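So you can see what is in the structure, the chains are spelled out below.
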Amino acid sequence: MTLWKKNWPRKEAPKSKDTPDRLRELRKEITVMRKQGEPPVKDPGSFAQYTCDLCSTPHPVSELRQCVLCGRWACDACWKDEYYTCKSCSGLIKIHMMKG
Ligand SMILES: [Zn+2]
Ligand SMILES: [Zn+2]
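From a predicted model like this one, the values you see are computed outputs, not experimental measurements.

What counts, and at which threshold
- Residues numbered from 1 in each chain as written.
- Chains lettered and ligands numbered in written order.
- Predicted model: local features only at pLDDT ≥ 70, side-chain atom pairs only at ≥ 80, totals over all residues.
- Axes fitted to C-alpha atoms, helices over the stretch in contact; angles between N-to-C directions.
- Helix = DSSP H or I, 4+ residues; strand = E, 2+ residues; numbered from the N terminus.
- Parallel < 35°, antiparallel > 145°, perpendicular 65-115°, else oblique.
- Left-handed = near helix turned anticlockwise from the far one by under 90°.
- Contact = placed C-beta atoms within 7 Å.
- Nonpolar A, V, L, I, M, F, W, Y, C, P; charged D, E, K, R; others polar.
- Buried ≥ 20, exposed ≤ 12 C-beta atoms within 10 Å, placed from the backbone.

What about the packing of helix α1 (residues 21-29) against helix α2 (residues 87-99)?
Contact geometry of α1 with α2 gives a least axis separation of 10 Å together with a crossing angle of 135°. In terms of orientation, α1 and α2 fall into the oblique class. Between α1 and α2 lies a crossing whose hand is right-handed. Contacts between α1 and α2 involve Arg22, Leu26 and Glu29 on the former and, on the latter, Leu92, Ile93 and His96. When the residues that make up the contact of α1 with α2 are grouped by side-chain class, the tally is three nonpolar, one polar and two charged.

Quick word on the environment of Leu26
Mapped onto the elements, Leu26 comes out in helix α1. Residue classification places Leu26 among the partly exposed residues on the basis of 16 C-beta atoms within 10 Å. Apart from residues lying up to four places away in sequence, Leu26 is in contact with Leu92, Ile93 and His96.

Here is the structure:
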């Protein structure tokens, strides 16, 4: 089947307004603090505790989650399940949604 292989002049597809562009813009505003998979910082004052990158309080590693956008480790209080990011990134996401 070669029917579809005709040399059509290739026009750029019109860019859709709500997909990856907005995410890309958002990512520009977010400072990546840690690489994905990088472990949280060990709390020097306690055994087997790690520091929340947002509020700087120690927590067991099981209570910390890494933000998919900035890579910071956040405790429960600094986490937003809604977007699966830390509080600070979820704030930016909200602002971007309002813009759109
Ligand atoms: Zn915290
Ligand atoms: Zn974040």
